[in-house]
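# Secondary and tertiary structure notes
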Amino acid sequence: MPTPDNPFLALTAPGLSGLHPYVPGKPISELERELGIRDSIKLASNENPLGPGPKARAAVAAAMPDLGRYPDGGGFKLRRALAERHSLDPAAITLGNGSNDVLDLVARTFLRPGAESVFSEHAFAVYPIATQAVGATARIAPARDYGHDLDAMGALVNRHARVVWIANPNNPTGTWLPAAPLRAFLASLPATCIAVVDEAYSEYVQAPDYPDTSTWLDAFPNLIVTRTFSKVHGLAALRIGYGISDPRIAELLNRVRQPFNVNTPAQLAALAALGDADHVRDSVTLNDAGLAQLAAGFDHLGLSYIPSVGNFITVDLGRPAGPVDRDLLRAGCIARRLANYGLPSHLRVSVGLAAENARFLAALASVLGK
Ligand SMILES: *Cc1c(COP(=O)(O)O)cnc(C)c1O
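### Some details on the sheet that holds strand S13 (residues 343-350)
Reading across from one edge, S9-S10-S13-S12 is the order of the four strands in this open sheet, with antiparallel pairing throughout. In the strand order of this sheet, the two ends are held by strand S9 (304-306) and strand S12 (336-338), each with one partner. Going across the sheet, the axis of each strand differs from the next one's by a mean of 35 degrees, ignoring polarity. Direction of pairing for S9 relative to strand S10 (residues 312-316): antiparallel, over a ladder of three bridges. Counted as the bridge partner of Ser304 is Asp316 from S10. Those strands touched by helix H11 (residues 321-330) are S12 and S13, and its axis lies near 35 degrees from that of S13.

Okay, here's the thing in structure tokens:
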């Protein structure tokens, strides 16, 4: 925990004093240890409730004999497979220890004290952290209907702006941007500003006008698209994601990338996961049903929620979420408070298995006295 009288704070980059460590969803083991309970469920970190598919599981098991050696620092096979998937040159792909790592590489490459980064209110918490950690200045645009207001964001892009972060869809709101306004926004950016479009949940989105911005690189050389294996592919523990960009940008990101940032089981599992369309389809089908189940449950409880295209849904409790969350934890249900996202009366719930969603809804009803 940061302490105000920490004498070492004066030695750090200027933005650090305003930073707090990212608060992750509480692990099940920690909750059960603290409360002495069992059989808890975790719907707090937007993980795939099915976990990895059979092909990725087999790949991890087969990686065992290689663990004594450093991984392939260039990620040759995986980058080749990803390039093929996106019809791009492998030089366009930057592998990361989670896509978080790629976001951090972007900040370390393009931000510094005096530079500004632009993002939306209620946007993913890593954008302010990555910005402030390198001493750059965050410029936060007010949201519109919980989602990104591209006009408001564009108004904050000045000659100091080096990075604009767009999560599509956004976490924790589940809101998304269609192709036309996003394309117009990217076209309006100065060449001196990098646009990061974070597509961590893209596989879940089925709206016909949801864009695959990885196909827009020819039009926008300042665009970086990020994807992850943590969500629909169910590989969150392995930490693997990637950036897609103009190779000249990738070359810069690779200058600051740690040489062995992506481990061998992660590379092999990701490669296998790319070839497991069945698991992706099953995961999306399960998610669709779970989203509908949770939404119907909230309707039944008279609670409003933000319509989501991701694998999570954010519900408005109409009262401070802290005490409700505390009681849910006692009932063995881990969801996510959002006060640090400027949403103090909302709770984000990841879509789980049908039985987990049902258990969460029953616990919520009970905690709310309904
Ligand atoms: C989960 C998430 C990520 C992915 O994080 P990883 O580091 O790849 O596990 C990226 N962006 C957003 C908006 C997310 O919610």
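Here the narrative resumes.
### Digging into unusual backbone geometry
The linkage connecting Asn168 with the following residue, Pro169, adopts the cis geometry, with an omega of -5 degrees. Inspection of the secondary structure assignment puts Pro169 in the loop between strand S5 (161-167) and helix H7 (179-188). The omega angle of the peptide bond from Asn171 to Pro172 is 20 degrees, so this bond is cis rather than trans. Looking at the secondary structure, you find Pro172 in the loop between S5 and H7. In the Ramachandran plot, Asp39 falls in the positive-phi region, its phi being about 60 degrees despite a non-glycine side chain. For Asp39, the location among the structural elements is in the loop between helix H1 (28-35) and strand S1 (41-42). For His122, which is not a glycine, the phi torsion comes out positive at approximately 65 degrees.

Reading the values: the criteria
- Residues numbered from 1 in each chain as written.
- Predicted model: local features only at pLDDT ≥ 70, side-chain atom pairs only at ≥ 80, totals over all residues.
- Heavy atoms only, no water.
- Pairing = 2+ DSSP bridges.
- Helix = DSSP H or I, 4+ residues; strand = E, 2+ residues; numbered from the N terminus.
- Axes fitted to C-alpha atoms, helices over the stretch in contact; angles between N-to-C directions.
- Contact = heavy atoms within 4.5 Å.

It is worth stressing that arrangement in space is one thing and function is another; only the former is reported here.
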